[in-house]
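Overview (structure and organization)
Read off the chains here:
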Amino acid sequence: MSEVSLAIQIGHFHPLLVHLPIGIILLAFALEMYNRFRPKTAGDEMILFSLGFAGVTALISLGTGWLLGEEGGFDEDLLFLHRWMAVAFTATTILLFFLKRSKSASVNKLYLPVFVVVLILVSITGHYGGNMTHGEDYLFRDTSSNNIVITDIAEANAHTDIIQPILNSKCVSCHNQGKVKGGLLMTTAADLLKGGDSGSVFDSIDGKPLLIHRMHLPMEDEEHMPPKGKVQLTPDEIALMEWWVNNDHCLDCKVKSLKTSERLEIVLASLEEDDSPHAIIAKELEQVPTHWLEEMNASGITVYPLSEDNPLLIANLFGAQKQLKQKLIALDKFAENIVELNLANSRFNDTIADLIAPFKHLTKLQLQNTGITDRSIPIFENFEFLESLNLYGTNIGNLIFETAQNIPGLKALYLFETQVTEVEKEKFQEKFPNINVQHIPKDAFKAASLSAPVIVAETAFFKDTLEIALENTFEDSKIYYTLDGTLPDSTSTLYTAPFQITDSRLLQAVVLKEGWQPSKISTQKFKTTSVDYIDVALNKLPNEKYKAQEGKTLIDLKRGSTNFVDGAWLGYEGSHFSTTLTLKENKEISSVSVGALSAPASWIFYPVGLTVYTSENGKRFKRIKSIKLPKEEPSNDVTTTFFDMEIPPTKAKYVKVEIKSPLKNPSWHTNPGGNSWIFIDEIILN
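The sections below set out a description of the structure shown in this document. (Residues numbered from 1 in each chain as written. Predicted model: local features only at pLDDT ≥ 70, side-chain atom pairs only at ≥ 80, totals over all residues. Heavy atoms only, no water.)

1. Some remarks on the overall build of the protein chain
- A tally of regular secondary structure across the protein chain gives 16 helices and 26 strands.
- The burial tally for the protein chain puts 44% of its 686 residues in the buried class.
- Considering only intrachain contacts with a sequence separation of at least 6, the fraction spanning at least 24 residues in the protein chain is 65%.
- About 35900 Å² of surface is accessible on the protein chain, with carbon and sulfur atoms providing 53% of the total. (Helix = DSSP H or I, 4+ residues; strand = E, 2+ residues; numbered from the N terminus. Buried < 20%, exposed > 50% of the residue type's maximum accessible area, 1.4 Å probe, protein only. Contact = heavy atoms within 4.5 Å. Areas by Shrake-Rupley, 256 points an atom, 1.4 Å probe, with all protein chains shown as cover.)

Structure follows, in structure tokens:
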């Protein structure tokens, strides 16, 4: 080994030794200050020893650092300043030792000023050393721009938003203006394109670009990058680097314009950060205990998660008349987890309005048809995440507009039948066009609205006959109904007494009263079933939280409610689902009906397709029919329905039904692209 090579190898000890004199000189200064306030002879001896040791280690660090500088790859100006500041620091540190040791009073006067100079010199020397190693802006670098937040990966710039941050965290410490290892700079795209001593980083070696080739070399290889001992790239980061290089290392391309593989799509998707209010709130909160949710629902307070494994909750106190105050207090324990609160048609009023103040993370608040007035308006400013506020049918007036402009996230304000004037509404809308204000003055309604009739039946499924009753609370009004799918009006059948049906029917009913607007139409499907089952097999088990009675749930002739945690639904996240029904005997099947739930706010959507197969032996199945179901329009309503499919009459003992899920939330959803759910409760064969 040559003398020059040996010197450079010795120089490599510099990073190991350089911190010793820095730490020791700072310790000596601390001891000196302590000794001056609480003087002890032993303290002087300890300080003197520390100064002597600091001088020796500074001298060794200076020597090894000088040799390391001969290796090259450092900014010459910075190297010059760092070296001579180190010389000055070492010399003054040794001088400090002798000043401390001196017995001369005149010499001792120089001791403390020189000590201050030494501290200044060690700071400057360390600063230049840091600049050489990590870049000139290392100490005072603005790192806020390094934290790139990608909210739409398709629109992200491949180099600026994805690749350069990887280089900054794993490569730039050795390839910056102060420390140009291998003659290669990686701080900017232009620097990277210039290449280094080995040429372009995109030149091919063994079939791979140099940049990628060195990442795949064994860790022990001297050319492996990053070097052994440095933080290495993760497999995902290497995959991203390869993807970018293979796409001609484009500098101004968006992700959506580059070719990707299935694995890369997963890696890229993981870089996307959800910046919606729900995502921001969820980061701050922990999961709510299941037993608490069960306690609330058992006590008549409907509370359920926004989605599986999500700490955010929806609370529904719609129509609550009794003990509303106590119920709100009961929810207070996890008020910060509740993002949607429905108090519509309840006894909520100004006297208990303060009870919703703890629900500071609300994004949706429904107060329609409650007793609140302008007196309660100031409380809404507490909800910085509030996006939707429904005040329909209240005595709220124009003061709401002063508060609404101070709610930063507000998107929708419902003011039907309030004291708000159209003039003030128009002024506000002109000033804040991004807030959708829904308003119809009270005097626009010359007649009151009738409540829809209530359909009363023992079950939605039957084998022979079923009796149905219709109820209506309005005096001097009449109920009209249809069973043939047409909309009911005054020419339809007049309801006078309970009636019976003997086959599957769609019942629609409306309340009419002279001088009043018609009520909403009540609708319910009733299904006959003539099939007996031996077994129901599921191709995969439902989610543990929504498994109901597993296969039996599909044939128990019990409809699930709009509360999807009622234990009557099978829930599947991000996957299709199929089931095989084994009939008691061969039957001719001509129709298949599937009961499903939609609750978009909870990421639950109707199926998008159905396929039916039949078999007589359970082994060889024949595809009978497939249909596509319409995609859902934007809505936050919770609804249930049956999807009916007529098939060619087919004899079978085994019927397999495949139910296709949309898999992902639609683009209009608050979390587009997230895994969606399907909830199924009944499959009826006829």
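2. Re the side chain of S602
- By secondary structure assignment, the location of S602 is in the loop between strand 22 (577–598) and strand 23 (609–615).
- According to the relative accessible area criterion, S602 is buried, its value standing at 4%.
- Residue contacts for S602: discarding those within four places in its chain leaves Y304, P305, L306, S307, I314, F564 and W677.

3. Thoughts on a nonpolar patch on the surface
- Taken together, the side chains of F49, F53, V56 and I60 present a nonpolar region at the surface, about 400 Å² in accessible area.
- Relative to the helices and strands, F49 is located in helix 4 (residues 41–69).
- Looking at F49, the relative accessible area reads 60%, which means it is exposed. (Patch = residues over 30% accessible without salt bridge, like charges linked within 9 Å, V, L, I, M, F, W, Y side chains within 5 Å. Salt bridge = Lys/Arg side-chain N within 4 Å of Asp/Glu carboxyl O.)

4. Observations regarding the state of the cysteines
- Scanning the model with the defined rule gives 1 disulfide in all.
- Bridging C250 to C253, the disulfide has an S-S length of 1.9 Å. On the sign convention where negative means left-handed, the S-S torsion of about 80° between C250 and C253 marks this disulfide as right-handed. There is no split in this pair, since C250 and C253 are both buried. (Disulfide = S-S within 2.5 Å.)

5. What about the packing of helix 10 (residues 235–246) against helix 11 (residues 262–271)?
- Packing of helix 10 against helix 11 brings their axes to within 10 Å, and their N-to-C directions diverge by 110°. Taken as axis vectors, helix 10 and helix 11 run roughly perpendicular relative to one another. Regarding helix 10 and helix 11, the two cross each other, and that crossing is left-handed. When helix 10 is examined against helix 11, the residues P235, D236, A239, L240 and W243 are found in contact with a partner set consisting of R263, L264, V267, L268 and L271.
- Within the contact of helix 10 with helix 11, the residues separate by chemical class into 8 nonpolar, no polar and 2 charged. (Axes fitted to C-alpha atoms, helices over the stretch in contact; angles between N-to-C directions. Parallel < 35°, antiparallel > 145°, perpendicular 65-115°, else oblique. Left-handed = near helix turned anticlockwise from the far one by under 90°. Nonpolar A, V, L, I, M, F, W, Y, C, P; charged D, E, K, R; others polar.)

6. As for the sheet that holds strand 10 (residues 412–414)
- As summarised here, the arrangement of the 7 strands in space is 5-6-7-8-9-10-11, forming an open sheet in which the pairing is mixed. What marks the edges here is a single partner per strand, and that holds for strand 5 (302–305) and strand 11 (436–438). With strand direction ignored, the average angle separating the axes of adjacent strands in the sheet is 10°. (Pairing = 2+ DSSP bridges.)

7. Focus on unusual backbone geometry
- A cis amide bond links M225 with the next residue in sequence, P226, at an omega value of -5°.
- Mapping P226 onto the fold places it in the loop between helix 9 (210–216) and helix 10.
- Even without a glycine there, the phi angle at D248 is positive, about 65°.
- Its place among the elements puts D248 in the loop between helix 10 and helix 11.
- Residue classification places D248 among the exposed residues on the basis of a relative accessible area of 63%.
- Notably, E550 is not glycine yet its phi reads approximately 50°, a positive angle.
- Topologically, E550 is positioned in the loop between strand 20 (533–538) and strand 21 (570–573).
- Here E550 falls in the partly exposed class, since its relative accessible area comes to 31%.

8. A few points about the packing of aromatic side chains
- In total, this model carries 17 aromatic pairs according to the counting rule given.
- Ring centres 4.9 Å apart and planes at 65° place the aromatic pair W292 and F334 in the edge-to-face group. Here W292 is found in helix 13 (residues 290–298), whereas its partner F334 is found in the loop between helix 14 (324–331) and strand 7 (338–342), with 42 residues between them in sequence. For the pair formed by W292 and F334, the shared burial category is buried.
- Taken together, a centroid distance of 4.8 Å and an interplanar angle of 75° make the contact between Y304 and F564 edge-to-face. (Phe/Tyr/Trp six-rings, centres within 6.5 Å; stacked < 30°, edge-to-face > 60°.)

9. Observations regarding a negative patch on the surface
- A cluster of acidic residues, D152, E272, D274 and D275, forms a negative patch at the surface.
- Summarising the element assignment, D274 is placed in the loop between helix 11 and helix 12 (277–283).
- When its relative accessible area of 31% is taken as the criterion, D274 is described as partly exposed. (Lys, Arg positive; Asp, Glu negative; His and termini not counted. Charge placed at Lys NZ, Arg CZ, Asp CG, Glu CD.)

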